[in-house]
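So you can see what is in the structure, the chains are spelled out below.
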Amino acid sequence: MILFINACVKTESRTRKIAEKLLEKLGMDVTEVRLTEIEFPVTSEAFLGKRDCDILNRDYSHPYYDLAKQFAKADTIVIAAPYWDLSFPAVLKQYIEHINVLGITFEYSKEGIPIGLCNAQKLYYVMTAGGAYVPEEFGFGYIKALAQNFYGIKDVELIKATGLDIQGNDAELILKDCISQLERSVIQ
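Everything numeric here is computed off the predicted structure, so don't read it as measured data.

### Topic: the sheet that holds strand 7 (residues 155-161)
For step 1, the next point in the chain: The strand order across the open sheet built from 5 strands is 2-1-3-6-7, with neighbouring strands paired in parallel fashion. Single-partner strands in this sheet number two, and they are strand 2 (30-34) and strand 7. Shown here is a sheet whose adjacent strand axes are inclined to one another by a mean of 15°, direction ignored.
For step 2, the next point in the chain: As judged from the 5 bridges shared by strand 1 (residues 2-6) and strand 3 (residues 76-80), these two strands associate in the parallel manner. Across the sheet, the residue bridging to Ile5 is Ile79, located in strand 3.
For step 3, the next point in the chain: Against the sheet, helix 5 (residues 140-151) makes contact with strand 3, strand 6 (122-128) and strand 7, and its axis sits at roughly 165° relative to strand 7, the strand it touches most.

Right, here's the structure in full:
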């Protein structure tokens, strides 16, 4: 099962357009999580206290943990997130905070080193950016570090189209080139 984490806000999202082509090429069953449709709980002291208690008791029965369980069980993960203001939409950060659950997506060794508990062997990160200044460490790099160092997903691939809003650039041509490269690539 492919878990498609959709952090695209706009109906005509360019990022989503590329992600849909990737999903089509992968050709597996897809479960989509539209992050803009999720009402995440407020991360208050009371919420964190309840969560800490649940984790201490290994009680993951509350529906709150369903997103983390779903993430951990996925065979392949595709994240679609446009690049905004040197990062990704805030809703993706909220999602990450809520799936990062000790005992579901990762655990710690005796030495305190994270051990991934996720099933996925591959994570694709699809992004578009209007500009050309797109340092990876602020968006993709963060997701890659979590995937590889916490979740145990070693194979993380970035698929991107940038410079879409630079005056004089042909945004449609840039998107078509990205999709053409994607269609020609060997995806496992």
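Resuming the write-up.
### Topic: helix 5
For step 1, the next point in the chain: When helix 5 is considered as a whole, its buried residues turn out to be Phe140, Ile143, Leu146, Ala147 and Tyr151. Taken end-on, helix 5 shows its buried residues confined to a sector of 135°, consistent with a single buried face.
For step 2, the next point in the chain: Residues of helix 5 that are buried sit in contact with helix 3 (66-73), strand 3, helix 4 (90-99), strand 5 (114-116), strand 6 and strand 7.
For step 3, the next point in the chain: Positive phi appears at Gly152, one or two residues downstream of helix 5, with a value of about 80°.

### Observations concerning the nonpolar core
For step 1, the next point in the chain: By size, the foremost hydrophobic cluster in this structure holds 43 residues, and its most contacted members are Phe71, Ile77, Leu92, Tyr95 and Tyr125.
For step 2, the next point in the chain: Put simply, the parts of the chain that give this core at least two residues each are strand 1, helix 2 (45-56), helix 3, strand 3, helix 4, strand 6, helix 5 and strand 7.
For step 3, the next point in the chain: With residues near it in sequence (within four places) discarded, Tyr125 still touches Ile79, Ala81, Phe88, Leu92, Gly139, Phe140, Ile143, Glu157, Leu158 and Ile159.
For step 4, the next point in the chain: Counting residues in each nonpolar core, the second largest holds 20 residues, with Ile2, Leu26, Val126 and Leu175 among its members.

Calculation notes
Residues numbered from 1 in each chain as written. Predicted model: local features only at pLDDT ≥ 70, side-chain atom pairs only at ≥ 80, totals over all residues. Heavy atoms only, no water. Pairing = 2+ DSSP bridges. Helix = DSSP H or I, 4+ residues; strand = E, 2+ residues; numbered from the N terminus. Axes fitted to C-alpha atoms, helices over the stretch in contact; angles between N-to-C directions. Contact = heavy atoms within 4.5 Å. Buried < 20%, exposed > 50% of the residue type's maximum accessible area, 1.4 Å probe, protein only. Arc of directions from axis to C-beta. Core = buried A, V, L, I, M, F, W, Y, C linked by side-chain atoms within 4.5 Å.

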